[in-house]
Amino acid sequence: MLNNNLFILTGPTGSGKTNISIDIFQYIPEIEIVSADSMQIYKEMNIGTDKPSLDILTKVPHHCIDIVEPDVDFNVAQYAQTALKEIENILISNKKPFIVGGTGLYIKSFIKPLFLGPGRDYNIRQQLEKILQDKGNDFLFEQLKKFDYKYSLKINPNDLKRIIRALEVFHLTGKPFSSFHNKEEIYTKYKYSIICLSMDRNKLYERINQRVDLMIRDGLIEETNYILKKYNCEHSNSMQGLGYKQISLFLKGKIKKEEAVEKIKKETRNFAKRQISWFKNQIPVDHYIDVDDFENNSQCAKYIAKIMLERGCNNC
């Protein structure tokens, strides 16, 4: 019988999570990787997301990769439901889920209760925003009090973002927004041990710069152009991702290629910095692993596998 202690491997972009997790598979072949990367969920977006190769995906079982088209907006609540279902299926098959990724909200969705209501509806939002323009804040807040008095007591009457979201959910489901906030049981079903990779900041930034150069060499510009033409998704969430956003600007003639590349490098370094801060302040990391302490990824993976086997993965 498998226990309910699951492991999460996270860390800033460029720290080696993907390669190390694949090496861990060599030591614990019972694991199946559940991706916690908000860009690798998109089909055909391979180069800019640094997605594992098809060969690796064939050899090492992966989940939550290539699950939606680039023109589909996919939120964290949808991810949480999808990932938890995959975890259940992995456990049923007597394998061990191993969550790997650096998207902070995705990681947090495993360990914190998360709203499980519907996604956004553009038409309903437009209607609510028109009502706001015509009748003002007070009218919308009175509507919220009428449909969900319990939630109206928790928010500021001028918090239009939350008021519109609550009314949107009510019109979509017929249920008060507050009724979706009492579903913590599926999030407390498992215990999560979080392992976070770290490394010298200058080395990390150099890795990021080199990786961007490799992405350009391997065809990031061509990939972005192909996806934009096929899916007409310029304004979708997928095209706001690092790399794709900057290359889109280049393809539209708004910036030069060299500027786009430098923007990718700079904004990716800034993103890594924000990730490091997030991991320190937003999630309860159990083990920090400095990859600089090891000669290569394989040694680091062996050390992490030892931790996993000693602290809960031995029942795989």
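Residues numbered from 1 in each chain as written. Predicted model: local features only at pLDDT ≥ 70, side-chain atom pairs only at ≥ 80, totals over all residues. Heavy atoms only, no water.

A. A look at the pattern of salt bridges. Considering all chains together, one arrives at 16 salt bridges under this definition. A salt bridge links Lys 230 to Glu 44, with the shortest nitrogen-to-oxygen separation between them at 2.8 Å. You can see Lys 230 sitting in helix α10 (residues 220-231) and its partner Glu 44 sitting in the loop between β2 (31-35) and α2 (54-59), a full 186 residues away along the chain. The exposure class assigned to Lys 230 is partly exposed, which follows from its relative accessible area of 46%. Close ionic contact of Asp 66 with Lys 51 constitutes a salt bridge, the shortest N to O distance being 2.5 Å. Here the residue Asp 66 occupies a position in the loop between β3 (62-63) and α3 (76-92), and Lys 51 occupies one in the loop between β2 and α2, the gap between them amounting to 15 residues. A relative accessible area of 32% places Asp 66 in the partly exposed class. (Salt bridge = Lys/Arg side-chain N within 4 Å of Asp/Glu carboxyl O. Helix = DSSP H or I, 4+ residues; strand = E, 2+ residues; numbered from the N terminus. Buried < 20%, exposed > 50% of the residue type's maximum accessible area, 1.4 Å probe, protein only.)

B. How the structure looks around the packing of aromatic side chains. On inspection of all chains with the given rule, the structure shows seven aromatic pairs. Each ring, one from Phe 147 and one from Phe 170, has its centre 4.3 Å from the other, and the planes form 20°; the classification is stacked. In this pair, Phe 147 is assigned in helix α6 (residues 137-147) and Phe 170 in helix α8 (residues 160-173), connecting sequence segments 23 residues apart. Here Phe 147 falls in the partly exposed class, since its relative accessible area comes to 23%. For the pair Tyr 190 and Tyr 192, a centre-to-centre distance of 6.4 Å together with 70° between the ring planes defines the contact as edge-to-face. (Phe/Tyr/Trp six-rings, centres within 6.5 Å; stacked < 30°, edge-to-face > 60°.)

C. Here's a closer look at the sheet that holds β3. Ordered by their spatial adjacency, six strands build an open sheet running β3-β2-β4-β1-β5-β6, and the pairing between neighbours is parallel. The open sheet is flanked by β3 and β6 (287-290), the only strands paired with a single partner. As defined by bridge partners, strand β1 (residues 5-10) adjoins strand β5 (residues 191-198) across six bridges and the pair is classed as parallel. Bridge assignment links Asn 5 to a residue of β5, and that residue is Lys 191. Against the sheet, helix α13 (residues 297-310) engages β1, β2, β4 (96-100), β5 and β6, with an angle of about 165° to β6. (Pairing = 2+ DSSP bridges. Contact = heavy atoms within 4.5 Å. Axes fitted to C-alpha atoms, helices over the stretch in contact; angles between N-to-C directions.)

D. How the structure looks around unusual backbone geometry. Despite not being glycine, Asp 50 shows a phi value in the positive range, around 55°. One can find Asp 50 in the loop between β2 and α2. Non-glycine residue Cys 64 carries a positive phi angle of around 65°. Residue Cys 64 is classed as buried on the basis of its relative accessible area of 4%.

E. Main features of the packing of helix α5 (residues 122-135) against α6. Where α5 contacts α6, the axes come no closer than 7 Å and their chain directions differ by 130°. Classified by the angle between their axes, α5 and α6 sit oblique to one another. Facing Leu 128, Ile 131, Leu 132 and Lys 135 of α5, the residues of α6 in contact are Asn 137, Phe 139 and Leu 140. (Parallel < 35°, antiparallel > 145°, perpendicular 65-115°, else oblique.)

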